[in-house]
Structure formats: C-alpha cells, structure tokens
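This is what each chain is made of:
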Amino acid sequence: QTCALPIYAYVNNQNLGLINQKGFDIGANYTLHPSWLPGRGLRLSYQANIVTSYIIQANPTVAKVQCKGTFGATCSSDGTTLVQPDYRHDASVSWELGKGLVEFNWQRIGSVKDSTPGSTARIGAQDIFDLTASYPLNRILTLSGGIYNMFDKDPPFVATGGVFNTFPDTYDVLGRTYGMSLTARF
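Residues numbered from 1 in each chain as written. Predicted model: local features only at pLDDT ≥ 70, side-chain atom pairs only at ≥ 80, totals over all residues. Heavy atoms only, no water.

1. Overview of the pattern of salt bridges
- On inspection of all chains with the given rule, the structure shows 3 salt bridges.
- Between D127 and R108 there is a salt bridge, with the nearest N and O atoms lying 2.8 Å from each other. Residue D127 is located in strand β10 (residues 126-136), and its partner R108 is located in strand β7 (residues 101-109); the two are separated by 19 residues in the primary sequence.
- When its relative accessible area of 23% is taken as the criterion, D127 is described as partly exposed.
- Beyond isolated ion pairs, a larger network of salt bridges with shared partners links R43, E96 and E103. (Salt bridge = Lys/Arg side-chain N within 4 Å of Asp/Glu carboxyl O. Helix = DSSP H or I, 4+ residues; strand = E, 2+ residues; numbered from the N terminus. Buried < 20%, exposed > 50% of the residue type's maximum accessible area, 1.4 Å probe, protein only.)

2. With respect to the sheet that holds strand β9 (residues 122-123)
- The mixed open sheet is built from 4 strands, whose spatial order is β5-β4-β8-β9. Strand pairing shows two members of the sheet lacking a second neighbour, β5 (82-84) and β9, which therefore form its edges.
- Strand direction decides the pairing type here: strand β8 (residues 112-114) and β9, joined by 2 bridges, are antiparallel. For V112, the partnering residue across the bridge sits in β9 and is I123. (Pairing = 2+ DSSP bridges.)

3. Description of the pairing of strand β11 (residues 141-148)
- Judged from the 6 bridges that link them, β10 and β11 form a sheet pairing that is antiparallel. Counted as the bridge partner of A133 is G145 from β11.
- Between β10 and β11, which pair antiparallel and follow one another directly, the connecting turn spans 4 residues.
- Where β11 meets strand β12 (residues 177-184), 8 bridges bridge the pair, whose relative direction is antiparallel. Paired with L143 across the bridge in β12 is L182.

4. Here we look at the state of the cysteines
- Overall, the coordinates contain 1 disulfide when judged by the stated rule.
- Each disulfide pairs two cysteine sulfurs, and for C67 the partner residue is C75, the sulfurs being separated by 2.0 Å. Its S-S torsion of about -85° marks the bond between C67 and C75 as left-handed, since a negative value means left-handed.
- Judged by relative accessible area, which is 0%, C67 ranks as buried. (Disulfide = S-S within 2.5 Å.)

Here's what the structure looks like:
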C-alpha cells in the first residue's frame, strides 16, 4: 500500500519564543449599611485587569510585537484572532435584602486597535449591564433570575478576522437574554 502525504500543512505558533504579559489585577469590595435602606445593606464590588505590556515573539528570529490593547491574528499565540484589551472590569452594586439579593452589574471591555501593521481599524470600548436577583424559598431551594445584556448591546463588527466578523469569546453575541433557575442544596 502507498500512503499519501499531505501537500499542505498548517503551521501555527504553538511553541512561541516568548509571551510576556505585565499588569495589575485590582479587587475591592465594600458594604454600606445606610439606616434609610431596608435589608442588610449595599455591597459595592469592583474587579479590574489593567495590562501595562503584552509582548509576543513567535520565535527568536523575528521581532517582538507589543500587543497591549489590540485585536487580530498578528498578536495571536495560537493561530486564532484574539482581543487583548489593556483594561477591563466588572463592577456591581448588590442590595442585600433580609433573605434575597438584587444585583446590578457593569462589565466594561476597553477599546482595542487592529494589530495588523498599517491598519487603522478600532473597536471602541464596550459596556454590558445585567440585572439579577435571587431569593431562598427555604433551606434547600433558591430561585434566581435575571436580565443579561439588558440594553441589548450588539457585539462589535470587524471587517476581517474573528468568527462571523466579531469575537464571541470576548463580546456578548446573544443580545438581551432572560434566565431563571431553581437551585437545590442538600
């Protein structure tokens, strides 16, 4: 028998020469107990990621590329197009009731520019807001529900790259959705 060898081969950057990312992760939580508000108080929460440098070098024979705040295949480490914002956060305000909880969440993904040399394409900062609530029905059952992407923000459109001309691993592609769940803990 003969064995046919492939004529074409896909070679990607799985074994990179260098990936070096620097930055800060910030987290803060605080609970207020105002006398005018019923319940256990308001909990404020903020979690952020600030990237100060994100350098990729495919192998030692090519130049290093600064990928902070970019999108696209030039700054990809695995042959796919990626979004590397230099800032993103999740911030929320939670009203802790006697038993239940109502939470308003804000997710921000910073603006990015196309990593392709010479391109002027940009994706502006994206903001998504969610409103959720949960209430324990008894010691075992908790009812939860929410409105996700409540202002029905569309994902950004890019002319080239991404999946279906956007980045579903980074941006919400479903639009406004509603959810409800019943959780049992034994």
